[in-house]
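# Tertiary structure, described
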Amino acid sequence: MKHIELIIVGGGPIGIACALEAKKKGIDYLILEKGPIVNSLFNYPMNMQFFSSSEKLEIDNIPFISTEAKPKRNEALEYYRRIVDANDLNIHLFEKVVSIEKQDNELFNITTEKGTYSATYTIISTGFYDIPNTLDVPGEDLPKVAHYYKDPHFYSMQKVAVIGASNSAVDAALECYRKGADVSIIVRGPEIGRRVKYWVKPDIENRIKEGSIKAFFNTTVKEFKENTLILNTSEGEKVIENDYVLALTGYKPNFSFLEKIGVNLSEDGKFYPQYNEDTMETNVNNLYLAGVICGGMDTHLWFIENSRIHAKIIVQNILSKKN
């Protein structure tokens, strides 16, 4: 079993920021990432454009130059890849962490699909994009239902229902419409989400107003069928023809993973993990959280631009313990 002073679980932007800070301070570290570099960003839609401007996505004051004020997915992938490469960061890709156990000697025993490590300190920076919020209605397991969206070309000339009112749902609805899909958007509430990107919101609202995209507000899905959807609307049950469904209803962190390590979660349905905001240390000694995982079910609370600081806070706390 190889001992590493600090193991960082998750090779996204915040995990990379933690590694950069650890390297600068002379801490022996290793990033364990279950997929490619910035795996979550890699799995974003092909044409996704960030809400934040490029300077707010920067880590460690390394300039992020993009062709537009709001960078796109491919630019972000290149930016973070170059940081990992140029700084020769110690990262193991495609090595999923299976379990983390605190030993009697206060070290962490970390088991992956490829090996076992021990660590004095551990940072969990795994984001929230791995587990979709399911609707839990009949037919959701049909092949035509997807909780992730990649490329609009696939849906050209198809009857597509997009479920949700957030940025991901709105982007998918507009892109599929512009590739020739017959698009319906199904929204649980009375309107498109208020946090939708300000330059996109008028677009979707105008497409709905002109009838290019059919909208069903105050509506939920009762059942997915092979060629139709059964909807519960404010006017009663309605059946619409359908080829594919994009159920883009959000995602959540892996709470069971945190619980198995011993992290306390709030019992109010939000599942906020317990940690000290001044140090980012959880109720498990020497176990830290960084990034969006700190927000529990409220995945909109933390993002790259306001959680970059977590790296410095955590490393400073580790250094204070060593000294």
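In case you missed it, the structure is sitting above this.
A brief structural summary. (Residues numbered from 1 in each chain as written. Predicted model: local features only at pLDDT ≥ 70, side-chain atom pairs only at ≥ 80, totals over all residues. Heavy atoms only, no water.)

### Some details on the side chain of arginine 73
For clarity, the cut-off: Each helix is a run of H or I in the DSSP string that is no shorter than four residues. Each strand is a run of E no shorter than two, and both are numbered from the N terminus. Exposed residues in this analysis have more than 50% of their type's maximum accessible area, buried residues have under 20%, and partly exposed residues fall in between, with area computed by a 1.4 Å probe over protein chains only. Charged residues are defined narrowly, with Lys and Arg counted positive, Asp and Glu counted negative, and His plus the chain ends left uncounted. Salt-bridge detection follows one rule: a side-chain nitrogen of Lys or Arg within 4 Å of a carboxyl oxygen of Asp or Glu. For the purposes of these results, a polar contact is taken to be a pair of N or O atoms within 3.5 Å, where, inside protein, one atom must be able to donate a hydrogen and its partner to accept one; residues adjacent in sequence count only when each atom of the pair is a side-chain atom. We call two residues in contact whenever any of their non-hydrogen atoms come within 4.5 Å of each other.
Here arginine 73 is to be found in helix α3 (residues 73–86). Here arginine 73 is buried and forms no salt bridge, its nearest opposite-charge partner aspartate 151 lying at an N-O distance of 9.0 Å. In terms of polar contacts, arginine 73 uses its side chain to reach the backbone carbonyl oxygen of leucine 41, at 3.4 Å. Once residues within four sequence positions are removed from consideration, arginine 73 is found in contact with Leu41, Phe42, Tyr44, Pro45, Met46, Met48, Phe50 and Lys150.

### Observations regarding the pattern of salt bridges
Pairing is possible between side chains of opposite charge, provided their charged atoms come close. On inspection of all chains with the given rule, the structure shows 20 salt bridges. Between glutamate 210 and arginine 207 there is a salt bridge, and its shortest N-O distance comes to 2.8 Å. Placement of the pair is glutamate 210 and arginine 207 together in helix α5 (residues 201–210), with a separation of three residues, close to one helical turn. The class of arginine 207 is buried, set by a relative accessible area of 16%. The salt bridge involving lysine 321 is made with glutamate 281; its shortest N-O contact spans 2.5 Å. Of the two residues, lysine 321 sits in helix α8 (residues 309–322) while glutamate 281 sits in the loop between α6 (255–261) and β17 (287–289), which places them 40 residues apart along the sequence. Exposure remark for lysine 321: the relative accessible area of 33% places this residue in the partly exposed category. Here the salt bridges share partners, and the residues they tie into one network are Glu21, Lys24, Asp60 and Lys312.

### Describing α3
In plain terms, the rule: Working rule for helices: expected span equals 1.5 Å times residues minus one.
Relative to the 20 Å expected for 14 residues at 1.5 Å per residue, α3 spans 20 Å between its end C-alpha atoms, a close match to the ideal helical length. Among all positions of α3, only Arg73, Glu75, Ala76, Leu77, Tyr79, Tyr80, Ile83 and Val84 are buried. Taken together, the buried residues of α3 touch α1 (13–24), α2 (39–42), β3 (91–92) and α7 (304–307).

### A word on the sheet that holds strand β11 (residues 214–216)
Under the convention used in this document: When DSSP finds two or more bridges between a pair of strands, those strands are recorded as paired. Only the stretch in contact is used when a helix axis is fitted, and all axes are lines through C-alpha atoms; the angle between N-to-C directions ranges over 0 to 180 degrees.
One open sheet holds the five strands; their spatial order is β8-β15-β9-β10-β11, and the pairing between them is parallel. Here the strands that pair on one side only, and so sit at the sheet edges, are β8 (145–146) and β11. As judged from the two bridges shared by β8 and strand β15 (residues 244–247), these two strands associate in the parallel manner. Residue pairing for β15: valine 145 is matched across the bridge by valine 245. The sheet strands contacting helix α4 (residues 167–178) are β9 (159–163), β10 (182–186) and β15, and the helix crosses β10 at an angle near 165°.

### Topic: the packing of aromatic side chains
Each pair of aromatic rings is reported with the distance of its centres and the angle of its planes. For clarity, the threshold we go by: Classification of ring pairs rests on two measures: the distance between centres of Phe, Tyr or Trp rings, Trp counted by its six-membered ring, which must be within 6.5 Å, and the angle between planes, read as stacked under 30 degrees, edge-to-face over 60 and tilted in between. Definition used: whenever NZ (Lys) or CZ (Arg) falls within 6 Å of the ring centre and also within 35 degrees of the ring normal, the charge is taken to sit over that ring.
Following the criterion strictly, the structure yields 14 aromatic pairs and no others. With a centroid separation of 6.3 Å and an interplanar angle of 90°, the aromatic rings of phenylalanine 51 and tyrosine 198 are classed as edge-to-face. Placement of phenylalanine 51 in the loop between α2 and α3 and of tyrosine 198 in the loop between β10 and α5 is noted, with a sequence separation of 147 residues between them. Pairwise contacts between aromatic rings join Tyr44, Tyr129, Tyr148 and Tyr251 into one cluster. Between lysine 70 and the ring centre of phenylalanine 51, over which it is positioned, the NZ or CZ distance is 5.6 Å.

### Here's the deal with the sheet that holds strand β14 (residues 236–241)
Reading across the sheet, the three strands line up as β12-β13-β14 and stay open at both edges, with antiparallel pairing between neighbours. Edge positions in the open sheet fall to β12 (220–224) and β14, since each of these has one partner strand only. Here the strands of the sheet are splayed against their neighbours by 30° on average, with no regard to which way each runs. Note that β12 and strand β13 (residues 228–233) share four bridges and pair antiparallel. Residue pairing across strands places threonine 220 opposite asparagine 232, the latter belonging to β13.

### A short note on α5
In plain terms, the rule: Here, the arc refers to the directions that run from the helix axis to the C-beta atoms.
For α5, the set of buried residues is Asp203, Ile204, Arg207 and Ile208. Buried residues along α5 cover an arc of 130° about the axis, so they all sit on one side. The inward-facing, buried residues of α5 abut α4, β10 and β11.

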